[in-house]
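Observations on chain architecture
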Amino acid sequence: MNTELGFIYYLQNPITGEIFYVGSTTSSLNNRLRTHYQHLREFERGLRKSNKRYEYLLILRPEKATIHLLEIVTSSSLEEREVYYIQFFRKLNSNLTNMTDGGKGKHTSKYYTEKQLEEQSAKISKSNKGR
């Protein structure tokens, strides 16, 4: 039986030691960290919307975040364990930059600012106009 493994990880500020993001991946941690910075570059070119993680990574410059393994899990329990760790670390650090509670984007807007909620509402209203 071939069971794919996944990894629960966190991103940490190398200066303060603050854990600011928790995530999951089925690729290597080095590859996942590289992807976070690739997405940041895409954001800087206007190809992605802003989020708390990008803002944090920009403030961190010229330093780079470090990535650390929390747990190795089977891919079937990846989402469940990600949700657990996000909840755990959110209790320790209310400034965690995760915009969802983990898994498949559960409660995406739960951690939006008032301005972000207004912008999202305006987009939905505009797309529903005339229906």
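First, a word on scope: everything that follows refers to the structure included in this document. (Residues numbered from 1 in each chain as written. Predicted model: local features only at pLDDT ≥ 70, side-chain atom pairs only at ≥ 80, totals over all residues. Heavy atoms only, no water.)

Below, the discussion takes up the sheet that holds strand E1 (residues 5–12). Strands pair in a sheet through their backbones, by hydrogen bonds, and they do so in one of two ways: parallel or antiparallel. With respect to topology, 3 strands assemble into an open sheet ordered E2-E1-E3, the strand pairing being antiparallel. Each having just a single partner strand, strand E2 (19–25) and strand E3 (66–74) make up the two edges of the open sheet. In this sheet, neighbouring strand axes are inclined to one another by 20° on average, regardless of whether the strands run parallel or antiparallel. Where E1 meets E3, 8 bridges bridge the pair, whose relative direction is antiparallel. Of the residues in E3, the one forming a bridge with Ile-8 is Glu-71. Along the sheet, helix H1 (residues 29–44) makes contact with E1, E2 and E3, crossing E1 at roughly 50°. (Pairing = 2+ DSSP bridges. Helix = DSSP H or I, 4+ residues; strand = E, 2+ residues; numbered from the N terminus. Axes fitted to C-alpha atoms, helices over the stretch in contact; angles between N-to-C directions. Contact = heavy atoms within 4.5 Å.)

What follows concerns the pairing of E2. Burial runs high along E2: 6 of the 7 residues are buried. Sheet topology places E1 next to E2; 6 bridges connect them, and they run antiparallel. What sits directly across from Leu-11, in E2, is Tyr-21. (Buried < 20%, exposed > 50% of the residue type's maximum accessible area, 1.4 Å probe, protein only.)

Let us look at the side chain of Thr-100. Counting through the fold element by element, Thr-100 comes out in the loop between helix H3 (78–92) and helix H4 (114–128). Classification of Thr-100 by relative accessible area gives buried; the value is 19%.

Right, let's get into the packing of aromatic side chains. Scanning the entire structure with this criterion turns up 8 aromatic pairs. On the numbers, 5.0 Å between centres and 75° between planes, the contact of Tyr-84 with Tyr-85 is edge-to-face. A relative accessible area of 13% places Tyr-85 in the buried class. Put simply, the rings of Tyr-10, Tyr-84, Tyr-85, Phe-88 and Phe-89 touch in pairs and so form one group of aromatic residues. The lysine or arginine in question, Arg-81, covers the ring of Tyr-84, its NZ or CZ lying 4.6 Å from the ring centre. (Phe/Tyr/Trp six-rings, centres within 6.5 Å; stacked < 30°, edge-to-face > 60°. Lys NZ or Arg CZ within 6 Å of the ring centre and 35° of its normal.)

Attention now moves to H3. Helix length check: H3 (15 residues) gives 21 Å between terminal C-alpha atoms against 21 Å at 1.5 Å per residue, within 8%. Within H3, burial applies to Leu-78, Glu-82, Val-83, Tyr-85, Ile-86, Phe-89 and Arg-90. (Expected span 1.5 Å × (residues − 1).)

What follows covers unusual backbone geometry. Cis peptide bonds are those with omega within 30 degrees of zero, and the linkage from Arg-61 to Pro-62 qualifies with 10°. Examined against the element boundaries, Pro-62 turns out to sit in the loop between helix H2 (52–60) and E3.

As a further point, take a nonpolar patch on the surface. Residues Leu-5, Leu-69 and Ile-72 make up a contiguous nonpolar surface patch of roughly 270 Å² in combined accessible area. Mapped onto the elements of the fold, Leu-5 is located in strand E1. (Patch = residues over 30% accessible without salt bridge, like charges linked within 9 Å, V, L, I, M, F, W, Y side chains within 5 Å. Areas by Shrake-Rupley, 256 points an atom, 1.4 Å probe, with all protein chains shown as cover. Salt bridge = Lys/Arg side-chain N within 4 Å of Asp/Glu carboxyl O.)

Right, let's talk about the pattern of salt bridges for a bit. On inspection of all chains with the given rule, the structure shows 4 salt bridges. In this structure, the salt-bridge partner of Asp-101 is Arg-90, at a minimum N-O distance of 3.7 Å. In this pair, Asp-101 sits in the loop between H3 and H4 while Arg-90 sits in helix H3, placing the two residues 11 residues apart along the sequence. By the burial criterion, Asp-101 is buried, and Arg-90 matches it.

Scope: geometric values only; no functional claims are made or implied.
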